[in-house]
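Structural features, examined
Listed below, chain by chain, are the residues.
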Number of protein chains: 4
Amino acid sequence: DRRKPGKTEESSPRKEQDKIEFLSGIFEGKTTGAPLAFMIRNRDFKSGDYDHLKESYRPSHADFTYEAKYGIRDHRGGGRSSARETAVRVAGGAIAKLFLRKTGIEILAYVSQIGKIKANVNVEEIRFETIEHSALRCPDKEASNKMKFLLEELKKEGDTTGGIVTCLVKNVPAGLGEPVYDKLEAELAKAILSINAVKGFDIGSGFQSAEMKGSEHSDQFLMENGKVSTKTNFSGGIQGGISNGQDIYFRVAFKPVATLMADQQTINKSGKSITLHGKGRHDVCVVPRAVPIVEAMTALVLADAWLQNRCAKFN
Amino acid sequence: DRRKPGKTEESSPRKEQDKIEFLSGIFEGKTTGAPLAFMIRNRDFKSGDYDHLKESYRPSHADFTYEAKYGIRDHRGGGRSSARETAVRVAGGAIAKLFLRKTGIEILAYVSQIGKIKANVNVEEIRFETIEHSALRCPDKEASNKMKFLLEELKKEGDTTGGIVTCLVKNVPAGLGEPVYDKLEAELAKAILSINAVKGFDIGSGFQSAEMKGSEHSDQFLMENGKVSTKTNFSGGIQGGISNGQDIYFRVAFKPVATLMADQQTINKSGKSITLHGKGRHDVCVVPRAVPIVEAMTALVLADAWLQNRCAKFN
Amino acid sequence: DRRKPGKTEESSPRKEQDKIEFLSGIFEGKTTGAPLAFMIRNRDFKSGDYDHLKESYRPSHADFTYEAKYGIRDHRGGGRSSARETAVRVAGGAIAKLFLRKTGIEILAYVSQIGKIKANVNVEEIRFETIEHSALRCPDKEASNKMKFLLEELKKEGDTTGGIVTCLVKNVPAGLGEPVYDKLEAELAKAILSINAVKGFDIGSGFQSAEMKGSEHSDQFLMENGKVSTKTNFSGGIQGGISNGQDIYFRVAFKPVATLMADQQTINKSGKSITLHGKGRHDVCVVPRAVPIVEAMTALVLADAWLQNRCAKFN
Amino acid sequence: DRRKPGKTEESSPRKEQDKIEFLSGIFEGKTTGAPLAFMIRNRDFKSGDYDHLKESYRPSHADFTYEAKYGIRDHRGGGRSSARETAVRVAGGAIAKLFLRKTGIEILAYVSQIGKIKANVNVEEIRFETIEHSALRCPDKEASNKMKFLLEELKKEGDTTGGIVTCLVKNVPAGLGEPVYDKLEAELAKAILSINAVKGFDIGSGFQSAEMKGSEHSDQFLMENGKVSTKTNFSGGIQGGISNGQDIYFRVAFKPVATLMADQQTINKSGKSITLHGKGRHDVCVVPRAVPIVEAMTALVLADAWLQNRCAKFN
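Residues numbered from 1 in each chain as written. Chains lettered and ligands numbered in written order. Predicted model: local features only at pLDDT ≥ 70, side-chain atom pairs only at ≥ 80, totals over all residues. Heavy atoms only, no water.

Considerations on the side chain of A:Q113
- Topologically, A:Q113 is positioned in strand β5 (residues 106-114).
- Side-chain polar atoms of A:Q113 contact the backbone oxygen of A:G115, separated by 2.9 Å.
- Excluding its chain neighbours within four sequence positions, the residues that come into contact with A:Q113 are A:K118, A:M147, A:G163, A:I164, A:V287, B:A210 and B:E211. (Helix = DSSP H or I, 4+ residues; strand = E, 2+ residues; numbered from the N terminus. Polar contact = N/O pair within 3.5 Å; in protein donor to acceptor, adjacent residues only side chain to side chain. Contact = heavy atoms within 4.5 Å.)

This is the structure we're talking about:
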């Protein structure tokens, strides 16, 4: 369960045993063509832990919006808006990755920024092992140490921080993605923005491109080992919504964790001002744990794109 | 046709008369419930203009990816990957806006950055008229003048630039958007990333949130005129994928226009190196013309969300 | 559990306790807006019972087609092609019926034919109680007795029979259904043909209409208690794909149960001829047990149509 | 344009030139991968012809239901509920057939009944040419002559009749169709019931199966030229929602044409009784013209199923 490294003190001490129970689709160790249904039960869970939140609208949480939409709210831990929900995404993504392995496509995400500390990473050299050996899933050792120190400081303050995950997709064949409304980058953006706490997505040159000149940004085509390649890759591996065979890479911005150990002002259901006192178990920074979630959503999008593209070719 | 301001010399001198022909769905001035079908014919179009591109893969264009995917390519002007395609989005968005007007929802997009020049805008005071009075659709007059000068310089060089559009959605009721995979920000991100030349999307505090602390980022709830409101709006009007009644705002990064007047190196279909010579009619900066496209896609997403939310309420 | 009347000797003596476990969507006795997920575990199930079928292609079953499609087959009881699968349809339909009750729409299905014995039913007088009081769910007592006798005879022979279920939907408002490709009768036909063992569907005058003249078949409009009504109802309550406010009624043909107690010739996976010997527990006629399944699928289609129609009305 | 044989006096003397204008997706005679958009303009059309129907609800037409649903109605000829709409289905089906030709799948529909006159057809011997040589698209010459006589009689009376189209699909590979809710017969049923004037669909043994015994209906598997085949084909080529390699065949019931030359009683929008006088141009029997529409819808379903099945196979 990569969603739960639990290697540093900064991670939440919650010890949920994410056990997957497969309900259908597997027979004698093989998939049968039936839908794969699985279930992860919430084991480490006491209703009482959340009683003090029954009437409160926690700041920057979904308590108020769920109640505004549905007129009713299961207050025990955020319900569907809880990050617990992402456990099934990681499980689903793992299956998509098994499939992608056969196509050669490889997905590597890592922490590239926490607070103001930015990692310095050479994407050519990055390896899965380097990322996973780091407690914070940051392949730049120096930055990683600074991040660790920052998180320790924030923990003492009862505060939290945001960060950035960068995702790299290698060995993508040219031709994946559908043009116009379902461009590959549009599908990726939707999948990524559906992850809890994500506030931004940019691909290739991204927000940086706003400041660039066309002459700088031009990804000149050239031949490399008999294959069409590009000299630079500001496009981030996608042109006109379709993969061009170069690496796809994008950044994902995560806001700071909303649950604080420090006191917070807010209101309750009746509109009365209340003070929330920090309680329970929460992360200082969710970003290292978010790495496998970003990978999972990316794997699901690429597996879909791969199958859709294959289907379109009839010969 | 707001897609085509044509007010400054920086805009492309192409004079396409975007005439909409309605094919179905309207009878005696009213919609009939049948799908609204309409068509915009490409009038100002000479096949010959594109003959020199038949065999070329233009850098940072979709020539190569379309050919890789489909094995065939209509080389006359980019086909579906042309920005011409967005004309129908603006037309569709105009209909969505007519609908949204009845709900009170208002959408305002503007140019907030061109190259390195950033506009200084007070979102409380911004008005549609101020935006449209500006040739560059930038409500900050000082920045707008600098941008104009920058574009003139770039034009002389045969170069282009990127920029940023900011979009503001006002009077959104609480409750729009579906949780988990179809969060409102996820739908917006997909719609926006499906626009040509877009490289990034962020909402509320966006990429900035990565550097923030939880204590700074906390959108404290309070009562305002008997309504639940928030003191700050780092969430950008959406929490847990559902609108909370505050303004929705997001930024959209556009890469520089790929077609240059200056020469560019690239290859042709046979893999031979060639030099492309600038020719034809192209924008120095697409961002002012992109404003109504951003608004249109936003309007379509919000109209869908409004209807979907209403449908869920049965009483 | 109406799927399992178990009142007559003709029904299968299998005693599966269809216990529903709700996994999500309910909190303190109310739906929360989250998807209702539930699970019915197969309790009365011994893998060994099916061992003799591991290599066989049972005639008129899906053994061969599943293996042809997926290259692998879970031979224990038919898997997804088993009628056990319909238990979840009945559970889902029960929820749709709770919803429809608020709209006033009522669904009544009954057995109208078994083998060659046809029931004589006055649709104006039919009541839910009359149907459920009949062990065979046939409201015509005389026919019901004959059917019972027929089923006893067939049981002795180790044989089975087909039959027809008629479904009546009352108090449908005018306006449900979408025209052209998603006509209300088209949605009903798909839902019904997706039920195991169904071989035919016809609505209103149905196959009989092929022999009728236009002058006979004309559903003359008239006013009745200030409401638009029709003198006859050959249309079966739907015109141009949209409900007209009259009763919807349709017939559903079920083939005879394929599993026989008598011996059957067939082949196995290797293509060798084999003889299947009847064994285990099977119905002589599935039609009485199919009544709630037909109702459930009808309820799901009408609940969808009701919501879709409401959504289209914006005032 | 096979939808418009116009060979006999029984067909409507309307001379609409169904000219297809392709709007996108074709370049230099080849499809480009872009959606094929085409348009058939209604040429032979005078608004005035329909003025007398502006306020009337024609019996067994969709005038009333469209008005009940949308609150507005384009009275000129039925709008989307007109059989004119099916012209695009035939065009779309023609493209699906071009595709299916490469897979070997062949679709043959024919008139098997008009009024009470039933054709006697040997499905083994039926050929496309035999069907198309018949003015009524009925391959049984004797029945065809009787049908012709019947239609002449009805024409004199100003009356109309219904009929049945039988459709045969040959060379279907085993494995097409998705189980459970999207069974191949369910998709066919939906597509067929979406055709104007269709009141029934049955497949294989169909409604006849209700009267059959399991021992009669059992499609015994056997080997034939090294391939799995069945001795009988009561299943109609589909088992458990998946094609089994045998011929698919089904029947489609059409109601009589609703527009009569004889007078009809009905009401108008205000609820007042009125008499409609036959006027204009209408068919005595739509069934021969419906043959290519049934084929087209069948081709579209099978092309989808073929692609979906291929997509599922990854090796």
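Focus on the packing of helix α5 (residues 184-193) of chain C against helix α5 (residues 184-193) of chain D
- Their axes nearest at 8 Å, the elements α5(C) and α5(D) cross at an angle of 165 degrees. Taken together, α5(C) and α5(D) sit at an angle that is classed as roughly antiparallel. α5(C) and α5(D) meet at a crossing whose hand is right-handed. The residues of α5(D) that touch α5(C), namely those facing C:E185, C:A186, C:E187, C:A189, C:K190 and C:L193, are D:E185, D:A186, D:E187, D:A189, D:K190 and D:L193. (Axes fitted to C-alpha atoms, helices over the stretch in contact; angles between N-to-C directions. Parallel < 35°, antiparallel > 145°, perpendicular 65-115°, else oblique. Left-handed = near helix turned anticlockwise from the far one by under 90°.)

A closer look at the pairing of strand β8 (residues 198-203) of chain D
- The buried count for β8(D) comes to six of six residues, which makes it a mostly enclosed element.
- Pairing geometry for strand β8 (residues 198-203) of chain C and β8(D), over three bridges, is antiparallel. The residue bridging C:D202 from the neighbouring strand is D:G200, located in β8(D).
- Judged from the five bridges that link them, β8(D) and strand β13 (residues 248-254) of chain D form a sheet pairing that is antiparallel. (Buried < 20%, exposed > 50% of the residue type's maximum accessible area, 1.4 Å probe, protein only. Pairing = 2+ DSSP bridges.)

Brief notes about the confidence of the model for chain A
All names here are of chain A.
- The pLDDT averaged across chain A works out to 90; a share of 90% of its residues lies at or above 70.
- Below pLDDT 50 for its whole length, residues 5-15 participates in 22 contacts with residues either more than four positions away or in separate chains.
- Scoring the predicted complex yields pTM 0.93 and, for the interface, ipTM 0.93. (pLDDT = per-residue confidence, 0-100.)

Details of the sheet that holds strand β6 (residues 117-118) of chain A
- Taken together, the ten strands give an open sheet; going across it, the order is β6(A)-β5(A)-β7(A)-β13(A)-β8(A)-β9(B)-β14(B)-β8(B)-β6(B)-β7(B), and neighbouring strands pair in antiparallel fashion. The open sheet is flanked by β6 of chain A together with β7 (117-118) of chain B, the only strands paired with a single partner.
- Sheet topology places β5(A) next to strand β7 (residues 163-170) of chain A; eight bridges connect them, and they run antiparallel. Considered in β7(A), the bridge of A:I114 is made with A:G163.
- Packing against the sheet, helix α4 (residues 141-157) of chain A makes contact with β5 and β6 of chain A, and its axis sits at approximately 55 degrees to β5(A).

Regarding the relation of the copies chain A and chain B
- Expressed as a screw operation, the relation of chain A to chain B combines 0.0 Å of axial shift with a rotation of 180 degrees, fitting to an RMSD of 0.0 Å. Taken together, these values place the two copies in the relation of a two-fold axis. Of the C-alpha atoms belonging to chain A, the one lying closest to the rotation axis is found on A:K190, 2.4 Å away.
- The share of interface residues of chain A whose copies in chain B are also at the interface is 100%, consistent with both copies meeting through the same surface. (Least-squares fit on C-alpha atoms with pLDDT ≥ 70 in both.)

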